[in-house]
Amino acid sequence: MKGEPLKEPPKEPVKVGVFICHCGSNIAGTVDVKALAEFAGGLPGVEFSTHYVYLCSDPGQGLIKESVKRLGLNRVVVAACSPRMHEETFRRTVREAGLNPYLLEVANIREQCSWVHMNQKEAATEKAKALVAAAVVKSLYNEPLEPLTLGVEKSVLVVGGGVAGIQASIDLADQGFKVYLVEKQPSIGGHMAQLDKTFPTLDCSSCILTPKMVEASRHENIELLTYSEVKSVEGHVGSFEVTVLKKPRYIREDLCRACGICAEKCPIKVPSEFDMGLGERKAIYIPFPQAVPLKYTIDPAHCLYHTKGVCRVCEKFCPEKAVDFDQKPVEVKLKVGAIILATGYDLYDCSQKYEYGYGRYRNVITNLEFERMVSASGPTSGQIIRPSDRKSPRRVAFLQCVGSRDVNSNKYCSRICCMASVKQAHQVKEKDPSSDVVIFYTDLRCFGKGYEEFLERVQGEGIKVVRGRVAEVVEDASGNLRLRYENTYLGEVFEEEFDLVVLAAGLIPSDIKELRTILKLSTTPDGFLAEAHPKLRPVETFTEGIYVCGAAQGPKDIPDTVAQASAAASRASALLAEGMVSIEPITAEVDEDRCGGCGLCVQACFFNAIELEVKEGKRKAKVNQVLCKGCGVCGATCPSGAVKMRHFTDEQLRGEVEAILSTVRR
Amino acid sequence: MPEFEPNIVCFACNWCTYAGADMAGTSKFQYPANLKIIRVMCTGRVNPEFVLEAFKKGADGVFIGGCHPPSDCHYVNGNLKARNRVQIMKLLLAQLGFEPERLRLEWISASEGEEFSRKVREFVEELKRLGPNPLKESSTR
C-alpha cells in the first residue's frame, strides 16, 4: 500500500445516510446544524442527510430506521455525542432498521466539538464538517461484522470484603451463582466493623454487620478467600482467569478453634491496626473478636520466630497443633464470568495538615480513632478519653473537611464526615451532657434520608456549630489545645481552648494501583474508580464484565454503599443469567496473498494472538480471533499491508486523515 | 491577512486520550477548534505512514494521544510502541525538512480533560510560532 491511492470502496452501490443531532441546544447552540446537513448532503456516497432535535429519542431513532428503509440506505453516519456515550444505542437502531450494526459510524460533534468551542461558532461548524466528512469516508469502508458469541462462567469474583463486597456476594449467592470473595485482611468486615454506631439511626454497627459477615462465610455459594490478594487476571468478560495469592497465616485454618491460648502466651505486643493504634494486639492475633473467619494469624513482621528465629511459644501451647511455621503462600486459580470491585477507601493522612498537629499533638485524633474509642468493644471499653492523660475531655472540638473540599489536598467532598461528626458530637454529649462540644464546619451537608432531622435533634442537645475552618491548633504543656479560627458569619477571629480535637478525615481511594494496572481500569480526577457513565451505567466500568461499587467508586455512606453493591450484583447477575456474551468483532485478519511471512506481527502482538503457519510451503500469519484484543499494533507493524484491522483499516484511517485535511479551508 | 490557523490531525486512543477529550467536553474546558480527532483503539495502531500522509496532505501538526506509561495502556504496551515509532518519525521528519515539533506525543488519561485542553492550546500556540506546513509554503512560493 506504500503511497498507493486509496483502495476503492466496496463495489455495491454505497448509500450513506447522515443524521445530525441538535442535542437540544447542546450541539445546535454552537454548530450550524442546517449548514452541516447541507454540507454532508454533498459528500461523495451520501444519499440523504438531515438534522433532528434529539436523535437518541424514540422519534429520532424512528427517523433513522424509516429513512434507511425508505431510501435503501446501507451506511449510517450519526453526528451527535461521543460514541462512548451512544454508539451502542445507534448500533441497535441500525440493526432494527435491518442493517448490520457495524455499518454505523459516529461523528463526535458534541464532547469534541460544540462543548469545547462554545464561543467559536463558525470555527466549530467548520470543524464539525471535517468530522462528519471523516466519518462518512470511514463509513464507506465499513463492513458487516458478526460478534463472537461465547459462554459465560456462572461465577463471580468480588474483591474487597467490606460491607459493599459482602452485600454484593450475598445477593449473587442467593441467586445461585458461585461467588469468590477475596479480602486482603485476615477478616472480612472492612471499615464498617470499626464503627460504633451508624448515623442517623444510631444502630449499632456491629449488630447490623456481624450477621451479614457470618451469612457470607456460611453461604454454600460463597467461598471466602481472606488474607489473600488478586495477583493476575487474564481473559475477558464471561471468562476471566484469576490468580489469587493466599498469604500464609502460619495457622492451619482447618484446625484453629480460636481458643486464644496462643495469643495469651505470645510475648510480643504490637499496636492494633483495627483499633487505629489505640490498643494493642499480639504478634499472633485475630483483628477483632467478631472476626470472620475466626482464625488466628501470625504477623511475620513482628513474630519473634520470624524475625529472630526463636520462641515458637504459640506452637508449643496450641492444643490443636494448628500452628504451622512452614506454610507457604498458595496460588489459587479461579475462573469467573464477572468481577465486582468493592475495594473501599482509606483515610486521608491528617499529618499532612501540619497546622492541625495530628501525629505531633497527643490529643488530636481522627474520627476513626474516635470510633474505636467510643466503641464498647474498643481499647478504652467505650470511654472517651484524652490520650495524653486518659482524663475525660470536657471540651471537644470537631474539625470538618480535613483532606476534603480543599485545594491543597482533595477538592471533593467526602460526604460522610459531616454526619459522622454530628453523630460523634451526640455521643460525647450522651456520655457527659455538661461537656462543651463545637463542630467547626465549611457547610454542614446533611443530605440523606433522616439526616437533617438528626442534625436538628443533635443541635437541640446543646451542640454548637461554627462556620469557619480552624486555621491553627497549638498544644500547651498540659496537652490542652488552643484553636484559632474565624467565625465566617461574624467575620471575627477567635481563640478558644479545648481538651480534645477530633479531625474529620476525608476519604481517599484504597491503594489499589496494582489491581488497577492488572485490570486496566481508569479513575476519575479524584482518583476513585471511574464508572462507565455517572447516571446511565453507574456500576459498570469501561471494561465489560467488571463492575464497581461502594467507596471504591467514590466517597459514600453505608446506605448508598449497600444500595450500590446490590446494583452491581444485579448487573453482574444479568450477564450471568443470560449465559452468553458477545465479544466485539473488532479484531485483526491477515490477507494471505499479501503476507510475506516475516513474523513481525507475531513479535509485536503482546497477546500471542498471531501465529505463523505453513501453507503450501509458505509461511503465513494467522490471527486467533478469540485471543485478539483489537489494538491494531500488528496493523501498524506489518510492512506489506497484509494485516487488516477491522473497523479501523488502513483505508479508513487514511481516508479520515484526507477528509479532515481537505475539508478545512485553512 | 488573517492570523495563521494551524490544521491539526489527532490520533487518540479510545481508552485514555479519546476519553480525556470527552471529559474536556463534559467539563466544558474550551480549546481552539484547530484539532480534529481520529479515534483509534490504541496509539500502537498509528502507522507512521498515516502521520507522513497527514503532513503530505497539508497538516500543520499531528498530535498522538495515548495512555500514561508504563502501565495505563489497555493493551499493555501499545503506547510504548507508539513512543518508539514517534522517536524515529521525528528523526525522519527533520530529514525531510519538517520541524520535529510538528509531531507531538502526549499521555493523557481518561480523567485528564483539563490537561487535554491545555495540551491542545499549547500545541496550537507552538504551531503558530512555527508557521504553516513547509510543503504548503513551498507550493505557494
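Residues numbered from 1 in each chain as written. Chains lettered and ligands numbered in written order. Predicted model: local features only at pLDDT ≥ 70, side-chain atom pairs only at ≥ 80, totals over all residues. Heavy atoms only, no water.

1. A few points about the interface of chain B and chain A
Where we set the bar: Pairs of residues are marked as contacts when any of their non-hydrogen atoms sit within 4.5 Å. Put simply, buried area is the surface a 1.4 Å probe can reach on two separate parts but cannot reach once they are joined, added for both. A carboxyl oxygen of Asp or Glu within 4 Å of a side-chain nitrogen of Lys or Arg is what we treat as a salt bridge. Any pair of N or O atoms that falls within 3.5 Å is considered a polar contact. Within protein, one atom must be able to donate a hydrogen and the other to accept it, and sequence-neighbouring residues count only if both atoms are side-chain atoms.
Each partner contributes residues to the interface: chain B has 54 residues there, and chain A has 53 residues. When chain B packs against chain A, the two sides together hide about 4700 Å² of surface, and 59% of this comes from carbon and sulfur. Sorting the residues of chain B by area buried against chain A places B:K36, B:R39 and B:R45 first, and these three jointly supply 14% of that buried surface. For the pair chain B and chain A, the number of links is four salt bridges. Residues B:K57 and A:E658 are paired through a salt bridge, measuring 3.1 Å at the closest nitrogen-oxygen approach. Where chain B packs against chain A, one counts 22 residue pairs in polar contact (both at pLDDT 80 or more).

2. Section: the packing of aromatic side chains
Residues and elements named next belong to chain A. Basically, it comes down to this: Planes of paired rings set the category: under 30 degrees apart is stacked, over 60 is edge-to-face and the rest tilted, where pairs are Phe, Tyr or Trp rings (Trp by its six-membered ring) whose centres lie within 6.5 Å. Criterion for a charge above a ring: Arg CZ or Lys NZ at most 6 Å from the ring centre, at most 35 degrees from the ring normal.
Here the structure, examined in full by the defined rule, presents 17 aromatic pairs over all chains. Centroid distance F606 to F607: 5.4 Å. Interplanar angle 80 degrees. Geometry classified as edge-to-face. Clustering of aromatic rings is evident, with ring pairs tying together F440, Y485, F494 and F498. Its guanidinium or amino end placed over the ring of Y305, R312 lies 4.4 Å from that ring's centre, counting from NZ or CZ. Lying over the aromatic face of Y361, R360 brings its terminal NZ or CZ to 4.9 Å of the ring centre.

3. Structural notes on the pairing of strand β33 (residues 618–623) of chain A
Residue and element names in this part refer to chain A. Short version of the rule: Here a strand pair is declared whenever DSSP counts at least two bridges between the two strands. Strands here are runs of E lasting at least two residues and helices are runs of H or I lasting at least four, both read from the DSSP assignment and numbered beginning at the N terminus.
As defined by bridge partners, strand β32 (residues 610–615) adjoins β33 across six bridges and the pair is classed as antiparallel. Bridge pairing links L612 to A621 in β33. Here β32 folds back onto β33, and the loop between the two strands holds two residues, one of which, E616, carries a positive phi near 50 degrees.

4. Observations regarding the domain arrangement of chain A
Residues and elements named next belong to chain A. How we decide: For each domain, the first and last residues come from an automatic or database assignment. By the convention adopted, Pro, Cys, Tyr, Trp, Phe, Met, Ile, Leu, Val and Ala count as nonpolar, Lys, Arg, Asp and Glu as charged, and the other residues, Gly among them, as polar.
As assigned here, chain A comprises domain 1 (16–145), domain 2 (155–247 + 330–344 + 510–580), domain 3 (261–317), domain 4 (346–508) and domain 5 (588–645). Taken over C-alpha atoms, the centre of domain 2 sits 28 Å from the centre of domain 3. With twelve residues of domain 2 at the contact, the number on the domain 3 side is 13 residues. At the boundary of domain 2 with domain 3, total buried surface from both sides reaches about 920 Å², with 68% on carbon and sulfur atoms. Contact with domain 3 buries surface across domain 2, with P186, S187 and Q194 losing the most and accounting together for 47% of the total. Put simply, domain 2 and domain 3 have zero salt bridges between them. Where domain 2 meets domain 3, there are three residue pairs in polar contact (both at pLDDT 80 or more). In terms of residue count, helix α7 (residues 205–218) provides more of the side of domain 2 that touches domain 3 than any other element does, four residues in total. Tallied by class, the residues present in the side of domain 2 that touches domain 3 amount to seven nonpolar, five polar and no charged.

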